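Descriptive structure summary
As a plain string of letters, each chain reads:
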Amino acid sequence: EYARLLKVMQLVLTLLRTNKISTMRDVYYMDCRLFENQTKSDRSIELMARCFNIPRYALNIVSFSRGILCGAIQLKEKDGAWIDCKAGPVTMPASPHMLEIDAKETSAVFVLEKECIFRRLLNDDFIGRQYDGKALLITACGFPDVQTRMLLNRLSTEYPDLPIYGIADWDPYGVEIMATYTIGSKSR
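Our subject in this report is the structure included herewith. None of the values given here were measured: they were computed from a predicted structure.

Bringing the sheet that holds strand β8 (residues 108-112) into the picture now. A sheet is described by the order of its strands in space; here 5 strands give the open sequence β6-β3-β9-β8-β10, paired in mixed fashion. Each edge of the sheet is formed by a strand with only one pairing partner; in this case those strands are β6 (90-91) and β10 (164-167). With 4 bridges connecting them, β8 and β10 associate as parallel partners. Bridge pairing in β10 links Leu-112 to Ile-167. Sheet strands touched by helix α8 (residues 172-183): β8, β9 (135-139) and β10. Its angle to β8, the strand with the most contacts, is close to 130 degrees.

Structural data, given as structure tokens:
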């Protein structure tokens with residue numbers, strides 16, 4: 001157990017010094033023999049975050065992003081490159097806490113439970129027809145990952161008058177998914 005924790009500490013120090021991001025899966029593959037399985041490496045990462053009382057992403061270790069967005073928003077990465085989400089669906093950047101967000105032209109945000117609804121609205125040109133190209137569609141393809149939740153949190157904080165609508169199935173899973181967007185997950 002201690003050897004795994006020390007390995008994670010060593011990796012985190014390297015990530016922070018080089019300002020790089022790694023996924024939880026990458027951590028496991030860096031030393032499969034030591035970690036033995038993904039669950040044990042994940043536990044070591046979570047233990048380190050709890051020891052320092054910080055969120056996991058502050059260690060520069062993120063889960064794989066499932067989030068997809070498209071519409072009236074631009075994201076500036078730490079290296080200065082801008083991501084224009086109007087051009088088509090964009091996978092959520094690995095670390096939205098390092099981004100500058102430009103949503104001045106956005107008139108509404110739609111958070112969608114399912115990717116199929118996201119694709120359907122894109123195919124039907126919902127943003128163009130209903131919002132003159134000034135809306136944003138976001139999905140995490142089910143339960144939201146940390147990166148998608150962080151981006152939505154920043155949008156609601158930096159643009160408090162921007163309406164954000166959740167569209168999900170009216171069943172226990174849909175309600176739980178929308179609750180996860182608003183209050184976070186059980187593991188936080």
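Still more to cover.
What follows is about the environment of Met-24. Position of Met-24 relative to the elements: it lies in helix α2 (residues 24-30). Look at Met-24 and you get buried, because its relative accessible area is 11%. The sequence separation of Met-24 and Gln-38 amounts to 14 residues, and the corresponding C-alpha distance is 8.3 Å. Setting aside anything within four residues of it in sequence, one finds Met-24 in contact with Gln-38, Ser-41, Asp-42, Ile-45, Glu-46, Arg-56, Ile-61, Val-62 and Ser-63.

A water-sized probe rolled over the atoms picks out the places where empty space is left. Overall, the coordinates contain 1 cavity of 30 Å³ or more when judged by the stated rule. Considering only enclosed or pocket space, the largest cavity measures out at about 30 Å³ in volume. Along its surface, the largest cavity is lined by Lys-7, Val-8, Leu-11, Val-27, Met-30 and Phe-35. Elements that contribute at least two residues to the lining of the largest cavity include exactly α1 (2-18) and α2. The dominant element in the lining of the largest cavity, judged by the number of residues it contributes, is α1, at 3 residues. Here the lining of the largest cavity is built from residues that sort into 5 nonpolar, no polar and 1 charged.

Going through the model one piece at a time under the given rule, you end up with 0 disulfides. Looking at Cys-141, it has no disulfide partner, and the nearest cysteine sulfur is the one in Cys-116, 9.5 Å off. Judged by its relative accessible area of 31%, Cys-141 falls in the partly exposed class.

To continue, consider helix α4 (residues 38-51). With 14 residues, α4 should cover 20 Å at 1.5 Å per step; its first-to-last C-alpha distance of 20 Å lies within 8% of that length. Those residues of α4 lying buried are Gln-38, Ser-41, Ser-44, Ile-45, Met-48 and Ala-49. One side of α4 carries all its buried residues, which in axial view fall inside an arc of 135 degrees. Structural note: α4 exposes Arg-50 and Cys-51 on the side pointing more than 90 degrees away from its buried face. Among the residues trailing α4, Asn-53 stands out with phi positive, at a value near 55 degrees.

Calculation notes
Residues numbered from 1 in each chain as written. Predicted model: local features only at pLDDT ≥ 70, side-chain atom pairs only at ≥ 80, totals over all residues. Heavy atoms only, no water. Pairing = 2+ DSSP bridges. Helix = DSSP H or I, 4+ residues; strand = E, 2+ residues; numbered from the N terminus. Contact = heavy atoms within 4.5 Å. Axes fitted to C-alpha atoms, helices over the stretch in contact; angles between N-to-C directions. Buried < 20%, exposed > 50% of the residue type's maximum accessible area, 1.4 Å probe, protein only. 1 Å grid on protein atoms, 1.4 Å probe; cavity = no way out; pocket = protein on both sides within 12 Å on 5 of 7 lines; lining within 4 Å. Points joined across faces, edges and corners; volume = space filled by probe spheres on them. Nonpolar A, V, L, I, M, F, W, Y, C, P; charged D, E, K, R; others polar. Disulfide = S-S within 2.5 Å. Expected span 1.5 Å × (residues − 1). Arc of directions from axis to C-beta.

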